[in-house]
Amino acid sequence: MTEQEQKNQQQIKVRYNETSALFASQFIVNTSAEDVTINFSSGPIGDPATGETILPIHTRMAMTREGARRLHSVLSNILGISENKGKIPANAQAKLPDIKQ
């Protein structure tokens, strides 16, 4: 990153209102002309009453198509890590402030 690009970057602080995470191994994607919605699930379960297999959705995330393109770009960079021997690219890493103790 050039010095000019660094000057143009805005510093953003991240605050997690909720720190728990839900595991998702399955997902369903719904799209329209304006947005993309991803439905996340931990995996299928059997319904003992009907014998059917059900995919319970625990989280839904909706975004614009441009937001989905940015997510795709970030995930592509992250998933390319195995080719880079486990190193996370600098532009994909969070910039954490130095904490003085």
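Worth saying up front: this structure is predicted, and the values here are computed from it rather than measured.

The rules behind the values
- Residues numbered from 1 in each chain as written.
- Predicted model: local features only at pLDDT ≥ 70, side-chain atom pairs only at ≥ 80, totals over all residues.
- Heavy atoms only, no water.
- Helix = DSSP H or I, 4+ residues; strand = E, 2+ residues; numbered from the N terminus.
- Buried < 20%, exposed > 50% of the residue type's maximum accessible area, 1.4 Å probe, protein only.
- Contact = heavy atoms within 4.5 Å.
- Areas by Shrake-Rupley, 256 points an atom, 1.4 Å probe, with all protein chains shown as cover.
- Pairing = 2+ DSSP bridges.
- Axes fitted to C-alpha atoms, helices over the stretch in contact; angles between N-to-C directions.
- Salt bridge = Lys/Arg side-chain N within 4 Å of Asp/Glu carboxyl O.
- Polar contact = N/O pair within 3.5 Å; in protein donor to acceptor, adjacent residues only side chain to side chain.

Visitor: Looking at this model, I keep getting lost on the overall build of the protein. Mind explaining?
Guide: Scanning the protein from terminus to terminus reveals 2 helices and 5 strands. A buried classification covers 11% of the 101 residues belonging to the protein. The long-range share in the protein, meaning contacts at least 24 apart out of those at least 6 apart in sequence, stands at 27%. Carbon together with sulfur atoms contributes 54% to the accessible area of the protein, which is approximately 9,300 Å² in total.

Visitor: Please explain the pairing of strand β1 (residues 26–31) as it appears in this structure.
Guide: Both faces of the sheet carry side chains from a regular strand, because those side chains alternate between them. Bridge analysis of β1 against strand β2 (residues 35–41) gives 6 bridges, and the strand direction is antiparallel. From the neighbouring strand, Ile28 faces β2, where its bridge partner is Asn39. Turn length for the β1-β2 hairpin, with the two strands adjacent in sequence and antiparallel, is 3 residues.

Visitor: I'm lost on the sheet that holds strand β5 (residues 59–64) in this one. Help?
Guide: Through backbone hydrogen bonds, the strands of a sheet pair up, either in parallel or in antiparallel fashion. As summarised here, the arrangement of the 3 strands in space is β1-β2-β5, forming an open sheet in which the pairing is antiparallel. Of all the strands in the sheet, just β1 and β5 have a single pairing partner and so form its edges. Averaged over all neighbouring strand pairs, the angle between strand axes comes to 20°, with direction disregarded. With 6 bridges connecting them, β2 and β5 associate as antiparallel partners. Bridge pairing links Ile38 to Met61 in β5. Where helix α2 (residues 65–79) meets the sheet, it contacts β1, β2 and β5, and its direction lies at approximately 110° from that of β5.

Visitor: It is not clear to me how the pattern of salt bridges should be interpreted in this structure. Could you clarify?
Guide: Any two side chains of opposite charge can pair, so long as their charged atoms come close to each other. Going through the model one piece at a time under the given rule, you end up with 1 salt bridge. The partner of Arg69 in a salt bridge is Glu66, with the nearest N and O atoms 3.6 Å apart. One end of the pair, Arg69, and the other, Glu66, are both in helix α2, 3 residues apart, so they sit about a helical turn from each other.

Visitor: Would you explain the side chain of Ser41 in this entry?
Guide: Secondary-structure assignment places Ser41 in strand β2. Within the structure, the side chain of Ser41 is placed 2.7 Å from the backbone oxygen of Pro56, a separation counted as a polar contact.

Visitor: I'm lost on the side chain of Asn39 in this one. Help?
Guide: Among the structural elements, Asn39 can be located in strand β2. We classify Asn39 as buried; its relative accessible area is 6%. In terms of polar contacts, Asn39 uses its side chain to reach the side chain of Asn30, at 2.7 Å. Reaching out from Asn39, the side chain makes a polar contact with the side chain of Arg60 at a distance of 2.5 Å. With near-sequence residues (within four places) excluded, Asn39 lies in contact with Gln26, Phe27, Ile28, Asn30, Ile57, Thr59 and Arg60.

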